[in-house]
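Examination of the molecular architecture
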Amino acid sequence: MTSLAHQLKLLALPQTDPSLIYRKQVASLLFEVKEAAVLDRETFFAIGCTGLYELMGIDSSFKAFEETLFSSTSKSLERSVQTKAVNQQLDESISLFLTHLSPYFMLKPAKKCLEWLIHRFQVHLYNEESLIGCVLPYYETKAFVRVIQLLRISNPTHKWHWLHAIQKSGVPLARSTLIMHCYMDIGFLEFIC
């Protein structure tokens, strides 16, 4: 790859990701790529809302997100054409939700909510750090691997490229690998703390 091609790849915006342009490639946590490609926005919204209502039965504080991330107006929000202020507010709301969701990540309703956030707000492209923070406590599970497989981290200069090996193999992250990365990257250790 030439130097210019490498620089252009680094500057690529999330909204140019093929999974957003072609319906053949739809990022999904719950479905295979081909299954997700035939589902419409209403179906993903219904899945997400069902998950949210189930979580509200466990923890009523999830109700705060019913009027923001899971409202009917969120179905028409296209974040790639929003102002910087709107996107910043959306990022804050998503970050808060993912932090709140983390203790429940292994429950099916949490995965349903994430499915909506992945489909509608492309959290796997725009909010990588918050998403990884949400699922990192479950690094030894297949569910963690499934989330990591949604990320675009193949570039060797990417901050999370060190997770690319588990992305390819599908094998959960070893504790020794996590500890070694904490030792080698003080920024990552600060992220965990």
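Refer to the structure presented above.
To keep things clear, this report deals only with the structure shown in the data block.

Here is what the cut-offs are and how they apply
- Residues numbered from 1 in each chain as written.
- Predicted model: local features only at pLDDT ≥ 70, side-chain atom pairs only at ≥ 80, totals over all residues.
- Heavy atoms only, no water.
- Phe/Tyr/Trp six-rings, centres within 6.5 Å; stacked < 30°, edge-to-face > 60°.
- Helix = DSSP H or I, 4+ residues; strand = E, 2+ residues; numbered from the N terminus.
- Buried < 20%, exposed > 50% of the residue type's maximum accessible area, 1.4 Å probe, protein only.
- Salt bridge = Lys/Arg side-chain N within 4 Å of Asp/Glu carboxyl O.
- Disulfide = S-S within 2.5 Å.
- Core = buried A, V, L, I, M, F, W, Y, C linked by side-chain atoms within 4.5 Å.
- Contact = heavy atoms within 4.5 Å.

Once that is clear, we can look at the packing of aromatic side chains. Summed over all chains, the structure comprises twelve aromatic pairs. Ring centres 5.1 Å apart and planes at 70 degrees place the aromatic pair Phe 45 and Trp 116 in the edge-to-face group. One end of the pair, Phe 45, is in helix α4 (residues 41-58); the other, Trp 116, is in helix α6 (residues 108-121), and 71 residues separate them in sequence. For the pair Phe 45 and Trp 116, one class covers both residues: buried.

Right, let's talk about unusual backbone geometry for a bit. Phi at Gln 122 is positive, roughly 50 degrees, even though this residue is not glycine. The residue Gln 122 is located in the loop between α6 and α7 (123-126) in this model. Given the relative accessible area of 9%, Gln 122 is considered buried.

This next bit is on the pattern of salt bridges. With the rule as written, the count across this model stands at seven salt bridges. In this structure, Lys 63 engages Glu 66 in a salt bridge whose closest nitrogen and oxygen atoms are separated by 2.9 Å. Asp 91 is the partner of Arg 79 in a salt bridge, and the nearest nitrogen-oxygen pair spans 2.2 Å. Highlighted residues: Arg 79 in the loop between α4 and α5 (84-101) and Asp 91 in helix α5, separated in sequence by twelve residues. Owing to a relative accessible area of 3%, Arg 79 belongs among the buried residues under this scheme. The class for Asp 91 is partly exposed, based on a relative accessible area of 27%. Through salt bridges that share partners, Arg 41, Glu 78 and Arg 120 make up one connected network.

It is worth spelling out the state of the cysteines at this point. Within this structure, the stated rule accounts for zero disulfides. Take Cys 193: it sits in no disulfide, and the sulfur closest to it among the cysteines is that of Cys 182, at 7.8 Å.

This brings us to the nonpolar core. The biggest cluster of nonpolar side chains holds 53 residues, and the ones touching the most others in it are Phe 70, Phe 97 and Leu 117. For this core, the secondary-structure elements that each account for two or more residues are α3 (33-37), α4, α5, α6, α8 (128-135), α9 (142-148) and α11 (175-184). A per-element tally of this core places α6 first, with seven residues. In this structure, Leu 117 is in contact with Leu 69, Phe 70, Phe 97, Leu 98, Gln 122 and Val 123, ignoring residues within four places of it in sequence.

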